[in-house]
Amino acid sequence: QVQLVESGGGLVQPGGSLRLSCLVSRSIFSMYAMGWYRQAPGKQRELVAGITRDGSTNYADSVKGRFTISRDNAINTVYLQMNSLKPEDTAVYYCYARPSEIVTRWGQGSQVTVSS
């Protein structure tokens, strides 16, 4: 079974940057899709960014121009570079991987707090 381990969360001031990493337990080269969701207190989980097998990316409108998703197939890792962070980006961020269209695996979640 595919396992995902996240790292890189923490506390940052508004305007700062963080990079989240998601290490996958098997090759990600053929993964149907991967990406990141987030869930803020009292809110539904929302898609932040996704990347498909062919490298196509998509982003939530709220993070376009500030966040960048990327993948390194050689080390089975997906990244989320987050710049110009805002207090409203505060949430638990979850990495996901889809080995196929109907199967989704999740990471354990990483807390990101943006506060002065």
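Check the entry above for the structure.
Everything numeric here is computed off the predicted structure, so don't read it as measured data.

**Focus on the sheet that holds strand β8 (residues 77–82)**
Right, so step 1: Read from one edge of the open sheet, four strands run β1-β3-β8-β7, paired in antiparallel fashion. Across the chains shown, the open sheet's two edge strands, defined by having one partner strand only, are β1 (4–7) and β7 (67–72). In this sheet, neighbouring strand axes are inclined to one another by 15° on average, regardless of whether the strands run parallel or antiparallel.
Right, so step 2: Relative to β8, β7 runs antiparallel, the two being bridged by six bridges. From the neighbouring strand, T68 faces β8, where its bridge partner is Q81.

**Overview of the pattern of salt bridges**
Right, so step 1: With the rule as written, the count across this model stands at four salt bridges.
Right, so step 2: Residue D89 is joined to R38 by a salt bridge in which the shortest nitrogen-to-oxygen separation is 3.0 Å. In this pair, D89 is assigned in the loop between β8 and β9 (91–100) and R38 in strand β4 (residues 33–39), connecting sequence segments 51 residues apart. You'll find D89 and R38 in the same group, each marked buried.

About the criteria used
Residues numbered from 1 in each chain as written. Predicted model: local features only at pLDDT ≥ 70, side-chain atom pairs only at ≥ 80, totals over all residues. Heavy atoms only, no water. Pairing = 2+ DSSP bridges. Helix = DSSP H or I, 4+ residues; strand = E, 2+ residues; numbered from the N terminus. Axes fitted to C-alpha atoms, helices over the stretch in contact; angles between N-to-C directions. Salt bridge = Lys/Arg side-chain N within 4 Å of Asp/Glu carboxyl O. Buried < 20%, exposed > 50% of the residue type's maximum accessible area, 1.4 Å probe, protein only.

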